[in-house]
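Topology and contacts: notes
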Amino acid sequence: MYRKTRIALCFALCTAGAAQAASTTELVIATVNNRQMIEMQKLTPQFEKSHPDIKLKWVTLEEGALRQRVTTDIATQGGQFDVMTIGMYETPIWGKKGWLKEFKPDAGYDVDDLLAPIRAGLSANGKLYAAPFYGESSFTMYRADLAQAVGASLPEQPTWEQIRAFAAKVHNPGKGLYGVCLRGKPGWGDNMALLSTMVNTFGGQWFDMGWKPQVDSKAWHDAISFYLDLMKKYGPPGASANSFNENLALFAEGKCGVWVDATSAGTSVADPKFSKVADKVAFAKAPIAITPKGASWLWAWALAIPGATKKEEQAQRFINWATSRDYVQLVAKESGWIAVPTGNRASTYDRAEYQQVSRFGQMERKAILAANPDDQTLPKSPYTGVQFAAIAEFQAIGLAVGQQLGAALAGKVSVEQALKTGQTAADREMRKGGYYK
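In this text the structure is predicted, and so the values were computed from the model without any measurement.

1. Thoughts on the state of the cysteines
Each disulfide is one covalent bond, formed between the sulfur atoms of two cysteines. Inspection of the entire model under this criterion finds 1 disulfide. A sulfur-sulfur distance of 1.9 Å marks the disulfide that ties cysteine 181 to cysteine 256. Across the S-S bond of cysteine 181 and cysteine 256 the torsion is about -70°, and the bridge reads as left-handed. Of this pair, cysteine 181 sits in strand E9 (residues 178–181) while cysteine 256 sits in strand E10 (residues 256–262), and the two are 75 residues apart along the sequence. With a relative accessible area of 0%, cysteine 181 lands in the buried category. Overall, cysteine 256 belongs to the buried group, its relative accessible area being 0%.

2. Describing the nonpolar core
Residues Trp160, Trp206, Trp220 and Phe318 are the most contacted members of the largest nonpolar core, which totals 139 residues. With 9 residues, helix H10 (residues 218–234) is the largest single contributor of residues to this core. Those residues in contact with phenylalanine 318 that lie beyond four places of it in its chain are Leu27, Ile29, Met40, Phe47, Leu56, Trp58, Val83 and Leu303.

3. Topic: the packing of helix H8 (residues 160–170) against H10
Interaxial distance between H8 and H10 falls to 10 Å at its minimum, and their mutual angle equals 10°. When the axis of H8 is compared with that of H10, the two are roughly parallel. Contact residues: H8 offers Trp160, Glu161, Arg164, Ala167 and Ala168, while H10 offers Phe226, Asp229, Leu230 and Tyr234. Taken together, the residues that form the contact of H8 with H10 break down as 6 nonpolar, no polar and 3 charged.

4. Observations regarding the confidence of the model for the protein chain
In this model, the protein chain carries an average pLDDT of 94, and 95% of its residues clear a pLDDT of 70 or more. The low-confidence segment residues 11–21 (pLDDT under 50) makes 0 contacts with residues lying over four places distant or belonging to another chain.

5. As for the sheet that holds strand E11 (residues 281–285)
Sheet architecture is open: 4 strands sit in the order E9-E10-E8-E11, paired in mixed fashion. On the outer flanks of this sheet lie E9 and E11, each paired with one strand and no other. In this sheet, neighbouring strand axes are inclined to one another by 15° on average, regardless of whether the strands run parallel or antiparallel. When strand E8 (residues 138–143) meets E11, the two strands line up antiparallel, connected through 5 bridges. Of the residues in E11, the one forming a bridge with threonine 140 is alanine 284. The strands that helix H11 (residues 244–252) touches are E8, E9, E10 and E11; relative to E10, the one it contacts most, it runs at about 145°.

6. What about the packing of helix H18 (residues 394–409) against helix H19 (residues 415–432)?
Here H18 crosses H19 at 170°, and the two axes come no closer than 9 Å. Classified by the angle between their axes, H18 and H19 sit roughly antiparallel to one another. Contact with H18, carried on its side by Ala396, Ile397, Ala400, Val401, Gln404, Leu405 and Ala408, involves Gln417, Ala418, Leu419, Thr421, Gly422, Ala425, Ala426, Glu429 and Met430 of H19 and no other residues of that element. When grouped by side-chain class, the residues that make up the contact of H18 with H19 number 11 nonpolar, 4 polar and 1 charged.

7. Here's the deal with unusual backbone geometry
Phi angles above zero are rare outside glycine, and glutamine 77 is one such case at about 55°. Locating glutamine 77 in the fold gives a position in the loop between helix H4 (63–76) and strand E3 (83–86). On the basis of relative accessibility, which here comes to 39%, the residue glutamine 77 falls in the partly exposed class. In this model, tryptophan 211 sits at a positive phi of 65°, which is unusual for a non-glycine residue. For tryptophan 211, the location among the structural elements is in the loop between helix H9 (191–201) and H10. What makes tryptophan 211 buried here is its relative accessible area of 19%.

Reading the values: rules and limits
- Each residue is numbered by its place in its chain's sequence as written, counting from 1.
- Only residues with pLDDT of at least 70 get local features here, since the model is predicted, and only at 80 or more are side-chain atom pairs given and counted; chain-wide, interface and lining totals rely on the full set of residues.
- Remark: hydrogens and water are excluded; side-chain values derive from all non-hydrogen atoms of the structure.
- In what follows, a disulfide is any cysteine sulfur pair within 2.5 Å.
- Going along the chain from the N terminus, every DSSP run of H or I of four or more residues is numbered as a helix, and every run of E of two or more is numbered as a strand.
- Only protein chains enter the calculation, and the probe is 1.4 Å; a residue is then buried if its accessible area is under 20% of its type maximum, exposed if over 50%, and partly exposed in between.
- Residues belong to a common nonpolar core when they are buried Ala, Val, Leu, Ile, Met, Phe, Trp, Tyr or Cys residues joined through side-chain atoms within 4.5 Å.
- Contacts between residues were defined by any pair of non-hydrogen atoms, one from each residue, lying within 4.5 Å.
- Angles shown run from 0 to 180 degrees and are taken between the N-to-C directions of axes, each axis being a line fitted to C-alpha atoms and, for helices, limited to the stretch in contact.
- Angle categories are assigned with fixed cut-offs, so that under 35 degrees is roughly parallel, over 145 is roughly antiparallel, 65 to 115 is roughly perpendicular, and the rest are oblique.
- Each residue is assigned to one of three groups, with Ala, Val, Leu, Ile, Met, Phe, Trp, Tyr, Cys and Pro labelled nonpolar, Asp, Glu, Lys and Arg labelled charged, and all others, Gly among them, labelled polar.
- One confidence number per residue, pLDDT, is output by the predictor and ranges from 0 to 100.
- For two strands to count as paired, DSSP must find a minimum of two bridges between them.

Structure below.
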């Protein structure tokens, strides 16, 4: 009798376990290998505890690889992913095409707390198609201790010439210190994110009002020549392979005098748990040249639901969790307020706890709110976007030009040849797209 009872109990437990397993939905999430997303993955147990019917499976990729994978999947309706990490370039384009599910905030989400430029950039036809995990503009990070040591300084609004002068004074490769670290890795969202803002502030643009590419213009030559000279004289070796994460590692190790990049880097470079120079970092606005227009970019890494998923309800619940106020509180509890994702919610910047640990937060918020994707260049432009043009053809154009400029940085081609080849590639894509004959 005892043996029968044990067998029956075992059968009941096994049946219950099988039923629970059968009722559990696996969400496949494609994301980028940035620090904030790694933090989100670490919190998987907390999400699964509060959502026992959902299991998370992460596909974490380098930025360029992520873009390629999700673009291919969404265009072919492949259905590999249930949640995608995408940005302000893809979201409105894919939303208009009907490739994304509309994001549906729950009752306590507070959409109005999302920063207006970020929310607008993730919307199309009045609908929100992705929720921002974090948002950013760009700014300047530099070593205040080195500035004091060499008698140099950077104002709140530096120029690119002042960046070069600062880099020249602190550059000391013999001691493993490089004057400046900037993106060099080819990609429309890698080196071209930075270089587009440089072109903007040097007075250039991607396209004129007739949609003719301007890659071979004087402004482009001026900006790219300045960049290459700066990097070849004062940058680290192998810079043509460096994007955000590589430069973040260099700066946090104390190997860069000045770094111009995403404001989201502030949470890392100012965190003593991550950065060896956390107490030595100072912050300034993104550098300008002949105009302040378009000098700092506007971006958000956001979570979206592809139209091909069969798990929309579960995906909606995950995105609501990962982009909520409660999630910010959870990260603060686990890793401190310095580590919370920013650039998405106004309430984060208003928290006294965040203000106490963040020396860059208010500068970041001002940069995001000041960015104007519709008035980003000195000559009038027909496109929306600061560091990109929000048209489907830009992805191929930005990559082609980025590859040429990466080759120029590596010393394989001249500035003139790189821009001429980039102009030809851009012209070909625009003609193919029917923008002109």
